[in-house]
Amino acid sequence: MFKKALLLACSCLLLSDVASAQTTYLQLGHVDYELLDRLETRSGKLSDDLFLTAKPVSRKSAVKFLMETRLDARYIGLSAIDRYNIAHMISVSGEWAEESAGAVPSKHPILNTFYKTQPDLFYVNRENFFLSVNPVISAVGISEQGNPDKLLFTSSRGVEARGRILNKVGFYTYFTDNQETVPLHVGRWQDSFAAVPGADYYKITGTNSYDYLLARSHVDFAAVKDHINVTFGYDKHFIGDGMRSLFLSDFSAGATFLRLTTKIWKLNYQNLYLEMKPQYQRGPDTRLTRKYATMHHLSINAFDWLNIGIFEAVVFNRKDRFEFGYLNPIILYRQTERMMGSPDNVLLGLNFKAIALKHIQLYGQFILDEFTISELTAGNGYWANKFGIQLGGKYFDALTVKNLDLQGEINIVRPYMYSHYDSNANYSHYNQPLAHPLGAGFMEFMGNIRYQPIKDLYINARAMYYQQGTDTAGINYGSNIFKDYDTRASQYGVTLINGVRSQCALASFNMSYELKENLFIDAGVTYRKRAYDGAVLPTETTTYFTGGLRLNIVPRNYDYY
């Protein structure tokens, strides 16, 4: 299907001689997303071009928004640091800026060839061709109390490139070779699920040590100039405005995708067609089977201050073929699924984002797997009332302190959510959840503080507390989305925290200083404790310290468990 989709995309490209609105996209997890989110709220008006709920975001749209925001900086009341951040981000994506405001030239280029512009190792910008090439490097040391390994070490090295050809095709590629030795609790998660979050194939090289490659890439062109973009590639996506997403997160590995993005008036409509890997047992090298998903998300700026969205996804398993009924970009997938006998896993969702007083942002999601009205109103804990709720808020320039941003979030997901009787159709990819990393059957509270006291220093403090049911004695209480829901413990009496209760608290403090363009020195500390009712499993307590350097790569975090 994806080979056909690529051929179709190329055919459309050849026919689209007038289309010149191709773009590339910001790397997920980048600090620039926090800047865009902050500036949009501080402007007091939602952008009809950005639509930050659906990520990754187009660099072209981001730069256009920043250029417009810079003109209103005095009226909005932006700080000097905000103005610096705007100029910095425009410089990094300078190919989309006006000629006089693009990438900033370096004072001392190397051999008059490398680093001719401040952010880029190699940079070419001609009328019909643009190319930016940069190294990707990170080296992080971790010292964990109680870990027999004195020093844990994680490193990555690779390359990132983006460009455009004839002003018609945008392209991006990213590749790193990674060696990772993780804290003890992270290793327990990875060994339990036979997965490394964010990665696909990996090798075990020692106790809690893993070796894996990460590759992402895409090509993009405009099927209808300024309105419809077609993107084909291998990457991750995120739908939501919170720290977590109950729809689709960037926690799992990348996947082969075809994406249609339609922007018109106050509407943004995204169609995703995905080829993924079902859960599997690790063993000798072999060709893994495939499963597929189709998702669409319609977002509308109903008012200048309110965005609402509708989400639908279907995950299905067919033997090496796509279900053509799910190619329809505007049909209701639940109807298609029922027409085929309801063999697949369909989810429906609603989301909103509201801004107020140029400082406050409220957001939320509601995701529904299935439910029965009569059973829901009966209040008898029917197992198949499967849904999740997210509510959150952000406070920018909190307490009149410039560049101090606060965020709080609650996530609640019922047991057996995201699971399915066919293990190949559960809401997962490469042994990793597609949505929230905790899976199901939990209640989570999160808080985050971001502060930028000077232009190059970023301070972040985060706290997380959750309760979740735990499977014991081989009984499926609904927290593990990889288990067949027909193996459930009971039909009724299913509470939010089903089974043995576990409680986990995590707090972290991190600082990053930008030595030069996209080169950061990081330092941080994390404390975590997890305990189980009745001490049915040992209490886990750990504190670990991190420090390192990174260039053109986002930091690796372990706050998912």
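Residues numbered from 1 in each chain as written. Predicted model: local features only at pLDDT ≥ 70, side-chain atom pairs only at ≥ 80, totals over all residues. Heavy atoms only, no water.

Draft legend 1. The pairing of strand β7 (residues 209-224), seen in detail. Sheet topology note: the strand β5 (residues 169-181)/β7 ladder contains 12 bridges and is antiparallel. In the strand pairing of β7, Tyr174 is matched with Arg216. Here strand β6 (residues 202-206) pairs with β7 via 4 bridges, running antiparallel. In the sheet register, Lys203 faces β7, and the bridge partner there is Asp211. One ladder, built from 7 bridges, connects β7 with strand β8 (residues 228-235); its direction is antiparallel. When the sheet's bridge partners are listed, Asp220 is paired in β8 with Thr231. What sits between β7 and β8 in their antiparallel hairpin is a turn of 3 residues, with Asp226 showing a positive phi close to 70 degrees. (Pairing = 2+ DSSP bridges. Helix = DSSP H or I, 4+ residues; strand = E, 2+ residues; numbered from the N terminus.)

Draft legend 2. Geometry of the layout of surface pockets. In this structure, the second largest pocket spans a volume of roughly 660 Å³. Lining the second largest pocket are 28 residues, with Trp189, Ser192, Phe193, Ser479 and Asn480 sitting closest to its centre. Where the lining of the second largest pocket is concerned, the elements lending two or more residues are α6 (184-193), β21 (457-470) and β23 (519-532). For the lining of the second largest pocket, the leading source of residues is α6, giving 4 residues. Partitioned by chemical class, the residues of the lining of the second largest pocket number 13 nonpolar, 10 polar and 5 charged. (1 Å grid on protein atoms, 1.4 Å probe; cavity = no way out; pocket = protein on both sides within 12 Å on 5 of 7 lines; lining within 4 Å. Points joined across faces, edges and corners; volume = space filled by probe spheres on them. Nonpolar A, V, L, I, M, F, W, Y, C, P; charged D, E, K, R; others polar.)

Draft legend 3. View of a nonpolar patch on the surface. Together, Leu298, Ile310, Leu350, Phe366, Ile389 and Leu391 make up a nonpolar patch on the protein surface, roughly 500 Å² of accessible area in all. Note on placement: Leu391 falls in strand β16 (residues 386-395). (Patch = residues over 30% accessible without salt bridge, like charges linked within 9 Å, V, L, I, M, F, W, Y side chains within 5 Å. Areas by Shrake-Rupley, 256 points an atom, 1.4 Å probe, with all protein chains shown as cover. Salt bridge = Lys/Arg side-chain N within 4 Å of Asp/Glu carboxyl O.)

Draft legend 4. Representation of the packing of aromatic side chains. Counting across every chain of the model gives 20 aromatic pairs. Pairing Tyr382 with Tyr492 gives two aromatic rings, centres 5.3 Å apart and planes at 35 degrees, and the pair type is tilted. Taken together, the residues Tyr382 in the loop between α8 (373-378) and β16 and Tyr492 in the loop between β21 and β22 (500-516) connect sequence positions 110 residues apart. (Phe/Tyr/Trp six-rings, centres within 6.5 Å; stacked < 30°, edge-to-face > 60°.)

Draft legend 5. Up close: the side chain of His218. Looking at the element boundaries, His218 is found in strand β7. Once you skip the residues sitting within four places of it in the chain, His218 turns out to touch Thr23, Thr24, Tyr25, Gly170, Phe171, Tyr172, Thr231, Phe232, Gly233 and Phe257. (Contact = heavy atoms within 4.5 Å.)

Draft legend 6. Seen up close, empty space enclosed by the protein. Inspection of every chain in the model, using the stated rule, returns 3 cavities of 30 Å³ or more. The wall of the largest cavity is formed by 13 residues, among which Asp235, His237, Leu248, Ala253 and Leu434 lie closest to the centre. By residue class, the composition of the lining of the largest cavity is 6 nonpolar, 5 polar and 2 charged. There is about 40 Å³ of room inside the second largest cavity. For the second largest cavity, the full set of lining residues is Glu40, Leu46, Ser47, Phe51, Leu52, Thr53, Ser299, Asn301, Asn307 and Lys353. Grouping the amino acids of the lining of the second largest cavity by side-chain chemistry returns 3 nonpolar, 5 polar and 2 charged.

Draft legend 7. Region of the structure containing the nonpolar core. Within the largest apolar cluster, 51 residues are counted, with the highest numbers of intra-cluster contacts made by Met295, Phe311, Ile367, Tyr418 and Tyr427. One finds Leu28, Leu39, Met67 and Ala73 within the second-largest nonpolar core, a separate group that totals 23 residues. (Core = buried A, V, L, I, M, F, W, Y, C linked by side-chain atoms within 4.5 Å. Buried < 20%, exposed > 50% of the residue type's maximum accessible area, 1.4 Å probe, protein only.)

Draft legend 8. The arrangement of unusual backbone geometry in detail. At the junction of Lys55 and Pro56, the peptide bond is cis and its omega measures out at 10 degrees in the coordinates. Relative to the helices and strands, Pro56 resides in the loop between β1 (54-55) and α3 (59-71). The backbone of Asn208 shows a phi angle near 60 degrees, a positive value even though the residue is not glycine. For Asn208, a relative accessible area of 11% corresponds to the buried category. Although it is not a glycine, Leu357 adopts a positive phi angle of roughly 60 degrees. For Leu357, the position within the fold is in the loop between β14 (345-356) and β15 (360-370).

Draft legend 9. Region of the structure containing the pattern of salt bridges. Per the counting criterion, the structure on display carries 24 salt bridges. Taking the shortest distance from any N to any O, the salt bridge between Arg216 and Asp235 comes out at 3.5 Å. Of the two residues, Arg216 is situated in strand β7 and Asp235 in strand β8; the sequence distance between them amounts to 19 residues. Taken as a pair, Arg216 and Asp235 share a single burial class, namely buried.

Draft legend 10. Summary view of the confidence of the model for the protein chain. Summarising the model, the protein chain shows a mean pLDDT of 90, and 94% of its residues fall at 70 or more. Residue range residues 1-19 is modelled with pLDDT below 50. Its contacts to residues more than four positions away, or to other chains, number 29 contacts. (pLDDT = per-residue confidence, 0-100.)

Draft legend 11. Just the packing of helix α2 (residues 32-43) against helix α5 (residues 80-92), in detail. For the pair α2 and α5, the least separation of the axes is 11 Å and the interaxial angle reads 125 degrees. Here α2 is positioned oblique relative to α5, judged by the angle of their axes. Relative to α5, the crossing made by α2 is left-handed. Note on element contacts: α5 touches α2 through Asp82, Asn85, Ile86 and Met89, opposite Asp32, Leu35, Leu36, Arg38 and Leu39. Along the lines of polarity and charge, the residues of the contact of α2 with α5 split into 5 nonpolar, 1 polar and 3 charged. (Axes fitted to C-alpha atoms, helices over the stretch in contact; angles between N-to-C directions. Parallel < 35°, antiparallel > 145°, perpendicular 65-115°, else oblique. Left-handed = near helix turned anticlockwise from the far one by under 90°.)

Draft legend 12. Layout of the packing of α2 against α3. Following both chains from N to C, one finds α2 and α3 inclined at 45 degrees, their axes separated by 11 Å at the closest point. Comparing the axis directions of α2 and α3 gives the class oblique. For the pair α2 and α3, the sense of crossing is left-handed. Facing Leu36, Leu39 and Glu40 of α2, the residues of α3 in contact are Ala62, Phe65, Leu66 and Thr69. Residue classes in the contact of α2 with α3 are distributed as 5 nonpolar, 1 polar and 1 charged.

Draft legend 13. Molecular detail of α3. The terminal C-alpha atoms of α3, which comprises 13 residues, lie 19 Å apart, in line with the 18 Å expected from a rise of 1.5 Å per residue. Here α3 has its buried residues at Arg59, Ser61, Ala62, Val63, Phe65, Leu66, Met67 and Thr69. Looking at the buried positions of α3, the neighbouring elements they touch are α2, α4 (73-76), α5, β4 (152-165) and β10 (255-264). For α3, the side-chain oxygen to backbone nitrogen distance between the N-cap and Lys60 is 3.1 Å, and the N-cap itself is Ser58. (Expected span 1.5 Å × (residues − 1). Polar contact = N/O pair within 3.5 Å; in protein donor to acceptor, adjacent residues only side chain to side chain.)

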